[in-house]
Every structure is written in C-alpha cells, then in structure tokens.
Amino acid sequence: MSSASNVPRPLLPLLYLAWADGILTPAEQRLIHDRCAALDDAAPDLCKRLKAWTDPSDPPSATQYFRWVRALQTAADDIPQATARSLTELAQALATNGDLPDATARALADIEAALGVDSREVLGDLLGHRSADTPPPDAPDLPFAVEQLQAVLDGDRAEIKDRLRTLLNDPALHPDPSLPTPAYREAVLDVCKRLAAQGLGALSYPKAYGGRGDIGAFITTFAMLAYGDLSVVVKYGVQFGLFGGSLQQLGTQRHHETYLERAGTLDLPGCFAMSETGHGSNVRDLQTTARYDPSDETFILHTPHDSARKDWIGNAAAHGQLATVFAQLETEGTTYGVHAFLVPIRTADGAPAPGVRIEDCGEKMGLNGVDNGRLWFDQVRIPRANLLDRYATVHPDGSYESPIPSAGRRFFTMLSTLVGGRISVARAGLNAAKKGLTIAIRYGNTRRQFGPKDRSEVRILDYRTHQRRLLPPLATSYALHMALEDLTERFAARAAGANLSDIEATANALKAYATWHTTHTLQTAREACGGQGYLAENQIAQLKADTDVFTTFEGDNTVLMLQVAKGLLSDFQREFRDLNVLGMMRFVAGEVTTRVTEMNPIVKRATDTEHLREADMQGDALRFRERALVQSAAQRLKHRMDNGAAPFDAFVEVQDHLLTLAHAHAERVVFERFVDRIATVEDASSRSVLNTIRCLYGLHRLEAHRAWFLEKGYFEAPKSKAIRTEVNTLCGEIRPWARALTDAWQIPSGALQAPIAQ
C-alpha cells in the first residue's frame, strides 16, 4: 500500500471516503474502477495505483489510513469550510493549481453521489466541525440502551459482524430471486465470487492458503449472510464450508497445496457428494463403491444401482468441477468403510467428465439460486492421490493403513467435519427467524385494528393474543443466540484433533431445535402480518420457502434428535456402570435430596412472582424433566429387552419417548447457556433486560410442559395456573421494548426491505 506522500492530493478525499468504515463493497469498488479512466490525469500510472489503493482484499492498515487522514487535514487547514461543501469541492480546493480537470471532477462527483454520503457530516468529522442544524434524535424511553445491548449480542465477533452489515447494505449482494432459475443461479454465483474477492471464502483456511485460520469468523459470516439471500448462504456454505472444509479437514498437505486456495477464491467450484437417494441419513451404509486397482494405481468409482446415485448435491447441476465423493473403499478384497475421494465431474468446457452422469434436481420449494444436482459414476478412474487420506491411506500395492484402527471411530471422526456445518445452519436459520420476527414486530407496532367505540384503533401488538404469538419466539431467539454463540466459540477454540463428541452432541441438538424454531417462527410471523405477510415484497414468504429445508439438510432433525437421545442414554448407562457402591449410595441420596427440595409441598405450590422468575427454579425444573425422561426411557428399553425384544426393536418402540427426551435436553442446554452468558454481561441495564427475557423463555417452556409436570406431581394446579399468568405479565412488560429488542440485532437495512418493516 502506497504512502500518503504518493497519493495525489485531490484523491485523498476519495480514499478517505472509500475506506471510512474499513470496508470497500463490491459495488463501491466497481464504481471507482469504472471511473478510473477519467481520473488518470495526474500521472500515466494513476489508474493502476488507484486500483491498488481500492483493492478490498488488501485494505489499508490503520496506520496507512490515518496517514491519509492527517495528510488531508494538513492540506485542508487553510481552506474555509464554505469553500468545500462537498468532497468534490474539497478535492478541487486541494488541487495544486486550484483547478481540477472537469473529467476528474465529474468522476469524483459521480462517486460521491453514488456512495450516498452526507457531505456535510463527513466534512464536519474530517475538518473538526459538526453541523448545528442536525440535532440527535430523542432517546427512546427504554430501560436499556440499544447500542449497549447490541454490543452484548455481537460479543467478540463485532468486527466481522459490522463488516458483513456494511456489505449487506450493498445491492450487489442481493440477487433477484424472481429471475429465471438459470439467471438466478448465475447471479448467486456472482455474489459468492464477490464474497471470495473480499477474502470471506477462505476465512477458515490456513493463512498459507489465503485464509485466516478462523472457523468462528467463517461460521459468523455464514450466519450474517442469512439476513440476505439464502441461496447465497447455502452456495457459500457448499463451496467454502463443505467442499473446501472437506479438503482442509480430510485432506493432507498435497491436497491443500493443489486445491485449497483455488477453492477459497472460487477459481475451483466444488461439490460435497455424500447423500444418496436410498441412504440419505444412513451414511455408514451408502453404496457408491471405490475399488482400488494396483495395476495402474487408481480407484474406480461406481454407482451400482439407481438408488445409490448422489442426490441433492449443491453446485452439481451447473457450476461444480470437482466433487468430494463419499464411497465404500475396497482394496485387496476387503471393504474398509466410507472414505472421501476427489472426483472431477466436468471437463474444461463444462461438459460432464467421462463416466460421470449429471442431472438437475429441478425447481424446488425454495433456494432455486442453488444448482442442486444428481451424480452417477460409471467405472470412473481417479488417481490414488485423490483419496483424501488424513485418516487412512492405500499404498501403491493396495495395502491399507490408518492411524485409527477402529472402523467405527474412523467413520465418526470423518463425519465430524459436519459439526461446523450444523452449527452454521442452526445460526443461519436463527437469523432468518430474527428477520421474520423483526418484520412482524415492526408491523404489529404500527398496524391498527379494532378498538373501543369512539376511540382510535389499537395497535395489534397491544393485544394479548398478538404478544403471545410473537414475544415468546422473540425470547427463544435471544436464548438461542446466546447458546449458539457459546457453541461457536467452544467449537472454534477446540484443539486440532480434539475429541468433538460433546460439541457434536450439542450441535446436533441445537441444529434441530433452532431450525424447528425457525420454521415455527416464520409461520407465526406470516400469520401475524395477515395478508401483508403473504406478499412477496414483505420477504416472509421467501424466508419460509428458503428455510423450510433447513429441518432436513445437514442432518434430518428427527434423526439428529434420536442420536442425541441415544447419546444421553449411553451417558446414563456409563454413569451407572462406573459407580461403585459408595457412588451409587451418593447418587440415590442425591435423587432423594432433589425430590425433597423440589417436590416438597411448599415448592410445588409456590406462586409468587419472585419465585416463578428465579433462574434456579426454572433451571431446576428443566433439569428434573430431562433427568426423569432419561430414567424412564432407560427403564422402558430395559423392560422390552428383558422380555426378549432385540435392542433395535426396543429402540424403535420408544422413539416417541426419545424425541421428547432430546427436546428436553435441548431446552435445558439453551436455558443454561443463556443464564451463563447473562452472568458475564457487565452493563447493568443490558443484564437486567436479558434477565427479563430469560424469565419469559424459561416460564414459557415450563408452561408448554405443564401437563407433564402435573402428571409427575412436580407442580400443583395453582402453580401451573400462576405460570400461565406470569407469562402473560412478562409479555406485557416486554411489549414496549419489542421494537428495540429487534433493533439490537442490527439487521442491515439493505437486507430488510419489506415495506411493512420500515
């Protein structure tokens, strides 16, 4: 980056403006470069230098930027404010001879106008003046500051979130979903290329391959993009997360050196070909084969029958060139289970590669900007080096070697690459729910309907039924935000090669819980907006269509929840197996103490507000529910197996119980993470409002399960009724804050274009 002394003085205002927020969006970059020729007056190489100064992948350092600012302030010291009422006029005044060529002045004026800046405000900041005729707006009558609450929600990722907010205000990042499907797909690809040019594709890759080595920043970017076009989100995730992530996590250095940087720049569009038509969730038993032939050191990829075709593969129908294909590895007459292979699927001219058949999945309910396709392989030969061999290798002679001797453990270690994807999908789904809630709450805050005779109609958010519809999902969104932020940071902080079992279990539970919340919330938001919510221009319809599949991709929610329940039962069994006599006595004593403390008549009947809002009361109830469901599920399974049922059959018979258990676990985890995060908030007003939201989330969950708690004798009827009443009271308390609570999410205005949400 050039020093301040090398920048022509008339261009200092332009560079100051371009990098004022530290981000140059694709539209801004294109505009500046389009006007470059008109600015090439000061020196023959000025256009080249200007492009270097406005390269979003190589932004100026803070030191360089402030050199420009100081140089500009120094040069402007003797310029009266009246002389420069715009940045273009300031550039004119800074010209060496006081006269800027007309072409250059017009180009600067075009750029200034297109960037949409308030020249007086910018000049006031730059030259040390503030306009006296723009007083700040009145502060809202709130018990908290929206900016402080936003800072709490943004946490340690504020920088990347603010960068994405700026980018999402750029129209260039919002393709038109009403375009014909082929054009829409190309527009989505173009947006992903723009994101890659900003350095956002390779965020999680090592620095040696163009990245930052920051998986947390990648997941946060994925989530923030969900405020915009969700086809962009999914294609971004397929290319940089699934395809690039498989190269990074399952490959070795030669794969990284050959492919990873190209994946991060989208020079190499790729696919992640795991799911099969006949074995979507059952990856262990997928049927694509990869047989090793030592005579020419190749693997032969083959689809043995139609139900073994790879299905719903993002990037396959139009753009993908290389696919990570999961197949059963066979060598020396032995099958070693599922492994990942790199298979070219298109030639340089875009035609299917020899032996590869590609079919478009066609129009979908949503996400039509993503080119989902089907893949078949007919005896396709690939080099031995195309096995992603971090966890296993096949030597030239066909001998197999793996540092993980257990086939089961090796399989689950390879599948751990999906953990980051599940966290990402959960967070993207949550942000889509936040967007829908923001639209519905803003509409409910202004739309009037009915009311007392001879008086003004009432805003619909003042009705109890409307509050009941929207404010509990608002509280759940806050709780999930905290839980998923915590999970992201735990995942990002893990040591390389660390056991991910605990994080994976939580990711499975929260992915299912969050995306079901998204589906429910968007339907509720649509209904809460009446016919306005049905209009495409108000965005909820597109959100519903695009996120509906979130409940079944990156793991079907029901299957994930059954895995969660199975893990809880395994932990429960292990806990008992490992207990000695003294430990068993302590366990029984602990259970007795719990029942004495939580189920005594005073606690069961307590109905006062202070008691009902206690985090301990709510947390104890959620923990009791989970623990009781684990015990009863274990008892039901044992009873069936004692009577001769096979373990698989017994498991199938109690699946309804297991799903209830997994939901209880997810609710308990979300609640506890919310409580833990609130405890770390330093700003007292933010902590107070978050505690009120926590009260609503916790009590609403207890209210939803009142029948179960009454059956178990954990509540008595008066307490059950008091919980319902307290939820109503909390909805009334939170209602005046509803708009501000959604404002604290800071959804970019460029992404929130619904007319009813302004």
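This structure is a prediction, so every number in the text was calculated from the model and none was measured. (Residues numbered from 1 in each chain as written. Predicted model: local features only at pLDDT ≥ 70, side-chain atom pairs only at ≥ 80, totals over all residues. Heavy atoms only, no water.)

1. A few points about the overall build of the protein
Thought 1: Each helix and strand counted, the protein has 31 helices and 13 strands in total.
Thought 2: The contacts of the protein with a sequence gap of at least 6 include a subset with a gap of at least 24, amounting to 73%.
Thought 3: Accessible surface for the protein amounts to roughly 32500 Å². Of this, 51% is attributable to carbon and sulfur atoms. (Helix = DSSP H or I, 4+ residues; strand = E, 2+ residues; numbered from the N terminus. Contact = heavy atoms within 4.5 Å. Areas by Shrake-Rupley, 256 points an atom, 1.4 Å probe, with all protein chains shown as cover.)

2. Let's talk about helix H20 (residues 540-547)
Thought 1: Among the residues of H20, Ile540, Leu543, Ala545, Asp546 and Thr547 are the ones counted as buried.
Thought 2: Tucked into the core, H20 has its buried residues touching helix H13 (230-250), helix H16 (419-446), helix H18 (501-528) and helix H19 (530-534). (Buried < 20%, exposed > 50% of the residue type's maximum accessible area, 1.4 Å probe, protein only.)

3. Description of the environment of Leu418
Thought 1: Within the fold, Leu418 resides in the loop between helix H15 (407-415) and H16.
Thought 2: Take Leu418: its relative accessible area is 8%, and that puts it in the buried class.
Thought 3: Leu418 sits 172 residues away from Ser246 along the chain, and the two C-alpha atoms are 9.1 Å apart.
Thought 4: In this structure Leu418 touches Leu242, Phe272, Met274 and Glu554, once residues within four positions along its chain are discounted.

4. Regarding unusual backbone geometry
Thought 1: Here Leu266, not a glycine, exhibits a phi torsion of approximately 65 degrees, which is positive.
Thought 2: With respect to the secondary-structure elements, Leu266 resides in the loop between helix H14 (253-265) and strand S1 (270-273).
Thought 3: Unusually for a residue other than glycine, Gln539 sits at a positive phi of about 75 degrees.
Thought 4: Following the sequence through the fold, Gln539 ends up in the loop between H19 and H20.

5. Description of the sheet that holds strand S8 (residues 373-377)
Hydrogen bonding along the main chain pairs the strands of a sheet, whether they run parallel or antiparallel.
Thought 1: Taking strand neighbours across the sheet as the criterion, the 3 strands line up as S4-S8-S7 in an open arrangement whose pairing is antiparallel. Edge positions in the sheet fall to strand S4 (310-313) and strand S7 (356-360), since each of these pairs with one other strand and no more. Averaged over all neighbouring strand pairs, the angle between strand axes comes to 25 degrees, with direction disregarded.
Thought 2: Examined bridge by bridge, S7 and S8 share 5 bridges and lie antiparallel to one another. If you follow Glu359 over to S8, its bridge partner there is Arg374. (Pairing = 2+ DSSP bridges. Axes fitted to C-alpha atoms, helices over the stretch in contact; angles between N-to-C directions.)

6. What to know about the pattern of salt bridges
Thought 1: Counting across every chain of the model gives 37 salt bridges.
Thought 2: The salt bridge partner of Glu726 is Arg613, with a shortest N-O separation of 2.7 Å. Here the residue Glu726 occupies a position in helix H30 (residues 717-734), and Arg613 occupies one in the loop between helix H24 (609-612) and helix H25 (615-642), the gap between them amounting to 113 residues. An identical accessibility class is assigned to Glu726 and Arg613; each is buried. (Salt bridge = Lys/Arg side-chain N within 4 Å of Asp/Glu carboxyl O.)

7. Some thoughts on the side chain of Gln539
Thought 1: Classification of Gln539 by relative accessible area gives buried; the value is 16%.
Thought 2: Looking at Gln539, its side chain comes within polar contact range of the main-chain nitrogen of Gln753, at 3.4 Å.
Thought 3: Contact partners of Gln539, with chain neighbours within four places excluded, come to Lys435, Ile439, Ala751, Leu752, Gln753 and Ala754. (Polar contact = N/O pair within 3.5 Å; in protein donor to acceptor, adjacent residues only side chain to side chain.)

8. A look at a negative patch on the surface
Thought 1: Together, Asp608, Glu610, Glu614 and Asp616 give the surface a local cluster of negative charge.
Thought 2: Relative to the helices and strands, Asp608 is located in the loop between helix H23 (601-605) and H24. (Patch = residues over 30% accessible without salt bridge, like charges linked within 9 Å, V, L, I, M, F, W, Y side chains within 5 Å. Lys, Arg positive; Asp, Glu negative; His and termini not counted. Charge placed at Lys NZ, Arg CZ, Asp CG, Glu CD.)

9. A closer look at the environment of Glu261
Thought 1: Among the secondary structure elements, Glu261 is positioned in helix H14.
Thought 2: Judged by its relative accessible area of 45%, Glu261 falls in the partly exposed class.
Thought 3: Along the chain, Glu261 and Gly201 lie 60 residues apart, while their C-alpha atoms are 9.7 Å from each other.
Thought 4: Among all residues touching Glu261, those that are not within four sequence positions of it are Tyr209 and His256.

10. Some details on the pairing of S8
Thought 1: The buried fraction of S8 is high, at 5 of 5 residues.
Thought 2: Burial along S8 is two-sided: the residues Gly373, Leu375 and Phe377 and Arg374 and Trp376 are all buried.
Thought 3: Relative to S8, S4 runs antiparallel, the two being bridged by 2 bridges. Bridging across to S8, Lys310 finds its partner in Leu375.

11. Observations regarding the packing of aromatic side chains
Thought 1: Under the counting rule described, the total for this entry stands at 17 aromatic pairs.
Thought 2: Relative to Phe709, the ring of Trp708 lies with its centre 5.1 Å away and its plane at 85 degrees, an arrangement referred to as edge-to-face. Here Trp708 matches Phe709 in class, with each residue buried.
Thought 3: Ring geometry for Phe709 versus Tyr714: centroids 5.4 Å apart, planes at 45 degrees, classification tilted.
Thought 4: Phe709 gets classed as buried once you look at its relative accessible area, which sits at 0%. (Phe/Tyr/Trp six-rings, centres within 6.5 Å; stacked < 30°, edge-to-face > 60°.)

12. With respect to the nonpolar core
Thought 1: Among the nonpolar cores identified, the biggest contains 167 residues, and Tyr236, Tyr478, Leu690 and Leu741 are the most heavily contacted of them.
Thought 2: Those residues in contact with Tyr478, other than ones at most four positions away along the chain, are Leu149, Leu153, Phe674, Leu690, Ile693, Leu741, Ala744 and Trp745.
Thought 3: With 25 residues, the next largest nonpolar core counts Phe299, Val380, Leu387 and Val394 among its residues. (Core = buried A, V, L, I, M, F, W, Y, C linked by side-chain atoms within 4.5 Å.)

13. Points about helix H11 (residues 181-197)
Thought 1: Helix length check: H11, at 17 residues, gives a terminal C-alpha distance of 24 Å against a target of 24 Å (1.5 Å per residue), a fit within 8%.
Thought 2: Burial in H11 covers these residues: Thr181, Tyr184, Arg185, Val188, Leu189, Val191, Cys192, Leu195 and Ala196. Across the axial projection of H11, the buried residues extend over an arc of 155 degrees, all falling on one side.
Thought 3: Elements that come into contact with the buried residues of H11 comprise helix H12 (215-225), H13, H14 and S7. (Expected span 1.5 Å × (residues − 1). Arc of directions from axis to C-beta.)

14. Things to note about the packing of H12 against helix H17 (residues 464-493)
Thought 1: For the pair H12 and H17, the least separation of the axes is 8 Å and the interaxial angle reads 145 degrees. Side by side, H12 and H17 meet where Ile215, Gly216 and Ile219 of the first sit next to Thr488, Phe491 and Ala492 of the second.
Thought 2: Counted by class, the contact of H12 with H17 contains 4 nonpolar, 2 polar and no charged residues. (Nonpolar A, V, L, I, M, F, W, Y, C, P; charged D, E, K, R; others polar.)

15. Some thoughts on the packing of H17 against helix H27 (residues 655-679)
Thought 1: One way to put it is that H17 packs onto H27 with a least axis distance of 8 Å and a crossing angle of 80 degrees. What the angle tells us is that H17 and H27 run roughly perpendicular. Across the interface between the two elements, Tyr478, Ala479, Leu480, Met482, Ala483, Glu485, Asp486 and Arg490 from H17 touch Val670, Arg673, Phe674 and Arg677 from H27.
Thought 2: Class assignment for the residues of the contact of H17 with H27 results in 7 nonpolar, no polar and 5 charged. (Parallel < 35°, antiparallel > 145°, perpendicular 65-115°, else oblique.)

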